[in-house]
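Take a look at the letters that make up each chain.
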Amino acid sequence: RHLQTPQDIYHITAGKIGRLLKLTCELFSKEGEKDFINIWKTFEKPKNWSHLPNPISHHDSFMMSDYLRLAMIMPFILYQFLNNLSIKNNEAKNIQERIEIRIDLVPKYIILCWIHIAKTMKIVFSNKFTSNEYIELQKCLKEELDILSKVCF
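Quantities reported herein were computed from a predicted structural model and do not represent experimental measurements.

One non-glycine residue, E100, lies in positive phi territory at about 60°. Under the relative-accessibility criterion, E100 is labelled exposed at 70%.

Below you can see the structure in the form of structure tokens.
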């Protein structure tokens, strides 16, 4: 498959969210998948949003705008169910070793990844940029890179 270089921040951000979604779903145990789907189905999304498909089974059919919307709500969804039983044991241990934390903190770090993505997105897509916003964006991107490199790789 030929990969093209994204041309703008919209494509780059949506692509990053898509990869994080795939990685997050791959961490789920069978119980975690079931819990995620239950929360997903009942999670109240804004009425003016188009229908978002099931992120586990249909994430390849997401449009860029779907990924951006998902990034806004994913921390809230994960917060409602994610615990150690929701994550495959070997995946939790890998993350625990990379970050050097207690294993019971792994779910919090996964949620924190999504929080950083949402915070960065908020700044990237703001209507105006001052020098302070550029500084804040730089800080968010650094924090995002730090947490994503520890949790996801």
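We now examine the state of the cysteines. When the sulfur atoms of two cysteines share a covalent bond, that bond is a disulfide. Taken as a whole and judged by the stated rule, the model has zero disulfides. As a non-bridged cysteine, C140 has C113 as the owner of its nearest cysteine sulfur, 14 Å distant.

With that out of the way, let us pick up the pattern of salt bridges. On inspection of all chains with the given rule, the structure shows five salt bridges. The shortest N-O distance in the salt bridge between E144 and K16 comes to 2.4 Å. Remark: K16 occurs in helix α1 (residues 9-27) and E144 occurs in helix α6 (residues 131-151); sequence separation between them is 128 residues. Taking relative accessible area as the criterion, E144 reaches 4% and is therefore assigned buried. Ionic pairing is found between D146 and K150, a salt bridge with its closest N-O pair at 3.5 Å. Highlighted residues: D146 and K150, both in helix α6, separated by four residues, approximately one helical turn. In this structure D146 comes out as partly exposed when scored by relative accessible area, which is 39%. Residue K150 is classed as partly exposed on the basis of its relative accessible area of 35%.

The rules behind these values
- Residues numbered from 1 in each chain as written.
- Predicted model: local features only at pLDDT ≥ 70, side-chain atom pairs only at ≥ 80, totals over all residues.
- Heavy atoms only, no water.
- Buried < 20%, exposed > 50% of the residue type's maximum accessible area, 1.4 Å probe, protein only.
- Disulfide = S-S within 2.5 Å.
- Salt bridge = Lys/Arg side-chain N within 4 Å of Asp/Glu carboxyl O.
- Helix = DSSP H or I, 4+ residues; strand = E, 2+ residues; numbered from the N terminus.

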